[in-house]
Amino acid sequence: MERIKGKAAAGGIIFGRLAFYRRDEQIVKKRRAARPDIELQKYEYAIKQSLEELDKLYEQEIQHIGRDHADIFQIHKMLIEDDEFVSKTRGIITSESCTADYAVELAASQLAGELGRAADDYIRARTADVKDVSRRLIRHIQNTPEQQLTFAENSILCSFDLEPSETVRLDKQKVKAICTCYGTVNSHSAILARTRNIPAVVALGKSLSEEYNGAEAIVDGYAGVLYIDPDSATKRRMKEKREEEGRKHELLMRLRGRKNITLDGTELQVYANINGVIDLKYAEENDAGGIGLLRSEFLYLKNDGFPDEELQFYTYRRVLERMGGKRVIIRTLDMGADKNPDYYSSDSGENPAMGVRSIRICFEHPEIFRTQLRALFRASVYGRLAILFPMIIDPEEVDTAKSMVDKVLAELDEEGIPYSHSVELGIMIETPASVMLSDELARKVDFFSVGTNDLEQYTLALDRQNSMFDKYCRPHHKALLRMIKIAADSAHRHGKWVGVCGEIGAYTDLTEVFLAMGIDEISVSPNQILPLRRKIRSLTLADKLDVLVRYGVIRPEERDNYQSFEGALRAASKVAQKN
Ligand code: PEP
Ligand code: MG
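Here the structure is a predicted model, which is why all the values come from computation and not from measurement.

**Notes on the overall build of the protein chain**
Across its full length, the protein chain holds 21 helices and 16 strands. A principal-axis box enclosing the C-alpha atoms of the protein chain has dimensions of 85 × 70 × 40 Å. Taking all 579 residues of the protein chain together, 54% fall into the buried category. Excluding contacts between residues fewer than 6 apart, the proportion of contacts in the protein chain whose partners are at least 24 apart in sequence is 71%.

What follows is the structure, given as structure tokens:
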């Protein structure tokens, strides 16, 4: 038996078989072809194979995603047969005497470049289709099999790392657990696994080698351990642990329908973080009070191109309707850094987490932002919507975002399309800049949601993607907790509410300090809702200042000042709420 220790990223115990996954790279080089006529034949063959494949896909996907969405495969067929594209590719093969794969890539990149410059959203989004089509053709020319993300029943997926766009495509019926050599517990793939209840262990290192492909194994997602070829004693122990966890789960389930209230009466909202419609069932099962963070970018990652207004409208509407009047906070596109769809590339430099990501992409491409805002406001009549803008660094950015909202609302008015007039607008507090300017920011928005994953990364100067630096991660760091307190005080001073939606919201050893700060709402992965509720219900908050001193949020000598400050804060908050 082999025991490999990694980091626990999502709880659960799974018995299964290891299935290794390695991302294929398509290598296309410019090479001279001795026989261009043979290259032309290869190209014809690739066209034929691709068309057949697309026909099959179309038929199959009509069952899964409906005719409207399956139509994308018809569009791909049209692109493959497009006269201009075909004659350009053929022309490159003959005029440059080069190989067919290179000709396809060149013709496709020229076409994608032209489409990318188009003014129309729809046409621009087709660049992704051109890339997809060209990958398919090249695969047939090079005669390489399609990369499958399909796995046998009961697979434990193993890989070096996993991108969020791959994680969203996994079939949960087959892939029962995820193990990666690298990655961190705060990476988006790990967050996805937690949200979807897929046990996961990350940072297992190089010991997780491909030689174990197909081996029997047990994943202990609670302890962050992978057992390969487990002996009978380990199997027995893991079965017992699984039963024990099952019993704990049943006890937790009894908390459904109960309030998130301390023994001495302080209540707060506990919401769910989700990534799309598919996760709603987990939010419901775990009795979420609302949706505290819908990471809308996963809709973009799953799609082959920027999702159009209709697809977005339909998705947001379904979430709002299913939540039946409970608050649903949808974050606008937070793409970039580790969340990059194939169809969008930007030069974000050596530190993509600090480059053009998130709301900056929306500001640079107002048409993408506009489409999303239109879809959101159109959907707003179906429930209680709050819109959250990510990565804000100053009040001017809030003004820019709000002016886009105003434009969209004027358009909807003109078109006679109804929307709710009580949509709340909030911002993520996830940069130190937004903490420093939180007072000005609080005047401009309805709420704050503290994104501690990024706030920790930017405050402690730590790359959240890199497991090498895990030992420096300190979510209890005084600087981080003080930042949260500053933001919370600013919000409350202006009568606004504040939530925490980063992963540390689920750390039950911090619940007490969040309550003492007066956090109004905490949003966590669905399966962390009931453990958090249990914790809240076990606490007494006799002396909030005492808690804040204990956690280093305020210094002991500041206590007296704070006593009067807290009073002033409450008074200011009451005045603001009245207005
Ligand atoms: C955060 O930064 O804390 C957050 C919730 O956003 P994300 O994890 O998607 O960056
Ligand atoms: Mg973030």
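Next comes the rest of the account.
**Focus: empty space enclosed by the protein**
The full count for this structure, using the stated rule, is three cavities of 30 Å³ or more. Considering only enclosed or pocket space, the largest cavity measures out at about 70 Å³ in volume. Lining the largest cavity are 15 residues, with Arg295, Arg331, Glu430, Asn453 and Arg464 positioned closest to its centre. Of all the secondary-structure elements, those providing two or more residues to the lining of the largest cavity are β10 (291–295) and α16 (452–459). Broken down by element, the lining of the largest cavity gets its largest block of residues, three residues, from α16. Its residues assigned to classes, the lining of the largest cavity shows three nonpolar, five polar and seven charged. Put simply, the second largest cavity is a space of about 50 Å³. Forming the boundary of the second largest cavity are Asp82, Glu84, Phe85, Lys88, Leu111 and Glu114.

**Considerations on the site of ligand 1**
Near ligand 1 lie 16 residues; those nearest to it are His188, Arg295, Arg331, Asn453 and Arg464. Contact distances for ligand 1 include 3.3 Å between an oxygen atom and a side-chain N or O atom of lysine 339. Protein chains shield 100% of the accessible area of ligand 1, which is 290 Å² for the free molecule. With respect to the pocket detection grid, ligand 1 is positioned in the largest cavity. For the shell around ligand 1, the secondary structure elements donating two or more residues are α6 (188–195), β10 and α16. Per-element accounting of the shell around ligand 1 gives the leading share, three residues, to α16. In terms of residue class, the shell around ligand 1 is built from four nonpolar, five polar and seven charged.

**Notes on the coordination of the magnesium ion (ligand 2)**
At 2.0 to 2.2 Å from the magnesium ion (ligand 2) lie its protein donor atoms, namely Glu430 (OE) and Asp454 (OD). With glutamate 430 in the loop between β13 (424–429) and α14 (432–436) and aspartate 454 in helix α16, this residue pair connects regions lying 24 residues apart in the sequence. You'll find glutamate 430 and aspartate 454 in the same group, each marked buried.

**A look at the layout of surface pockets**
Taken as a whole, the second largest pocket spans an internal volume of roughly 1,100 Å³. Gly11, Gly12, Tyr222, Asn527 and Pro531 are the residues nearest the centre of the second largest pocket, which is lined by 32 residues in total. For the lining of the second largest pocket, the elements supplying multiple residues, two or more each, are β2 (7–10), α7 (232–253) and α19 (529–537). For the lining of the second largest pocket, the leading source of residues is α7, giving seven residues. Here the residues of the lining of the second largest pocket are counted per class, giving 13 nonpolar, eleven polar and eight charged. Split by domain, the lining of the second largest pocket shows at least three residues from each of two domains, domain 1 (2–23 + 147–232) and domain 3 (258–343 + 351–578).

**What to know about the pattern of salt bridges**
Scanning the entire structure with this criterion turns up 43 salt bridges. A salt bridge links arginine 331 to aspartate 334, with the shortest nitrogen-to-oxygen separation between them at 3.2 Å. The same class applies to arginine 331 as to aspartate 334, namely buried. A salt bridge links aspartate 546 to arginine 559, with the nearest nitrogen and oxygen atoms 4.0 Å apart. Of this pair, aspartate 546 sits in helix α20 (residues 544–550) while arginine 559 is found in helix α21 (residues 559–578), placing the two residues 13 residues apart along the sequence. Salt bridges linked by common partners bring Glu297, Arg331, Asp334, Lys339, Arg357, Asp454 and Arg464 together as one network.

Criteria and cut-off values
- Residues numbered from 1 in each chain as written.
- Chains lettered and ligands numbered in written order.
- Predicted model: local features only at pLDDT ≥ 70, side-chain atom pairs only at ≥ 80, totals over all residues.
- Heavy atoms only, no water.
- Helix = DSSP H or I, 4+ residues; strand = E, 2+ residues; numbered from the N terminus.
- Buried < 20%, exposed > 50% of the residue type's maximum accessible area, 1.4 Å probe, protein only.
- Contact = heavy atoms within 4.5 Å.
- 1 Å grid on protein atoms, 1.4 Å probe; cavity = no way out; pocket = protein on both sides within 12 Å on 5 of 7 lines; lining within 4 Å.
- Points joined across faces, edges and corners; volume = space filled by probe spheres on them.
- Nonpolar A, V, L, I, M, F, W, Y, C, P; charged D, E, K, R; others polar.
- Near = heavy atom within 4 Å.
- Polar contact = N/O pair within 3.5 Å; in protein donor to acceptor, adjacent residues only side chain to side chain.
- Areas by Shrake-Rupley, 256 points an atom, 1.4 Å probe, with all protein chains shown as cover.
- Sits in = over half its atoms within 2 Å of the grid points.
- Donors = N, O, S within 2.8 Å, 3.2 Å for Na, K, Ca; no water.
- Domains from an automatic or database assignment.
- Salt bridge = Lys/Arg side-chain N within 4 Å of Asp/Glu carboxyl O.

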